[in-house]
Amino acid sequence: MRCYGLAVLTAILFLGGAASGTESIQLKVLYAGNPGSERAKDFVSFLEKHFAKVGSADFGKFKEADAKNYDVVIFDWTSIYPRDKAGKMDNSVGGIHMPPAAPLSPNFAKATILIGAAGGQIAQARQLKINWL
């Protein structure tokens, strides 16, 4: 089930094969990111249009129990690089701080999508080969 869920979610996100009409994919997805940020709102809004159940959690306070009722977990955070109004990186402002990733036990076996710096933290802690490619 874990591989199936990840394969379906990946196909939706990257190939654009969204469910049509009122149909939804019968997967439960948890987005763990920066609560209240525009990025988190956009992600959750997008996911709610395509999946049976969507929840959100705070990346910095994530506990494995948060994922209990979900098939897939997405770990993400807003950009840690400040940008100006044109979208270019603005080094004069200083960085946006991101909380450290919660430690995951070796038994954490949910299908998981790792995005950006948040995903990098988890990959490094779990010694995944993908790490910071």
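The structure under discussion appears in the preceding block.
These numbers come from a predicted model, not from an experiment.

Moving on, we come to helix α2 (residues 38–48). Taken residue by residue, α2 has Ala40, Phe43, Val44 and Leu47 as its buried positions. Down the axis of α2, the buried set is contained in an arc of 95°. They therefore lie on one face. Opposite the packed face of α2, turned more than 90 degrees from it, sit the exposed residues Glu38 and Asp42.

Summed over all chains, the structure comprises 5 aromatic pairs. An angle of 75° between the planes, with centres 6.1 Å apart, marks the rings of phenylalanine 59 and phenylalanine 75 as edge-to-face. On the criterion of sequence distance, the pair formed by phenylalanine 59 in the loop between β2 (51–58) and β3 (72–75) and phenylalanine 75 in strand β3 is long-range, its members being 16 residues apart. With a relative accessible area of 1%, phenylalanine 59 lands in the buried category. A relative accessible area of 2% means that phenylalanine 75 is categorised as buried. Taken together, a centroid distance of 4.9 Å and an interplanar angle of 85° make the contact between phenylalanine 62 and phenylalanine 75 edge-to-face. Taken together, the positions of phenylalanine 62 in the loop between β2 and β3 and phenylalanine 75 in strand β3 put the pair 13 residues apart, joining distant regions of the chain. Here the aromatic residues Phe59, Phe62, Phe75, Trp77 and Phe108 are joined through ring pairs into a cluster of three or more. Between the NZ or CZ atom of lysine 53 and the centre of the ring of tyrosine 70, over which it lies, the distance is 4.8 Å.

What counts, and where the lines are drawn
- Each chain has its residues counted from 1, following the order in which its sequence is written.
- Where local features are concerned, this predicted model is filtered to residues with pLDDT of at least 70; where side-chain atom pairs are given and counted, the filter is 80 or more; whole-chain, interface and lining totals use all residues.
- Heavy atoms throughout the structure, all of them, feed into the side-chain values; hydrogens and water do not.
- Each residue is assigned to one of three classes by its accessible area relative to the maximum for its type, calculated with a 1.4 Å probe on protein chains only: buried under 20%, partly exposed between the two thresholds, exposed over 50%.
- In this description a helix means any DSSP run of H or I spanning at least four residues, a strand means any run of E spanning at least two, and both kinds are numbered starting from the N terminus.
- This arc is taken over the directions from the axis of the helix to the C-beta atoms.
- Two aromatic rings from Phe, Tyr or Trp, using only the six-membered ring of Trp, form a pair when their centres are within 6.5 Å; if the ring planes differ by under 30 degrees the pair is stacked, by over 60 it is edge-to-face, and anything between is tilted.
- The rule is short: NZ of Lys or CZ of Arg within 6 Å of the ring centre and within 35 degrees of the ring normal puts a charge over the ring.

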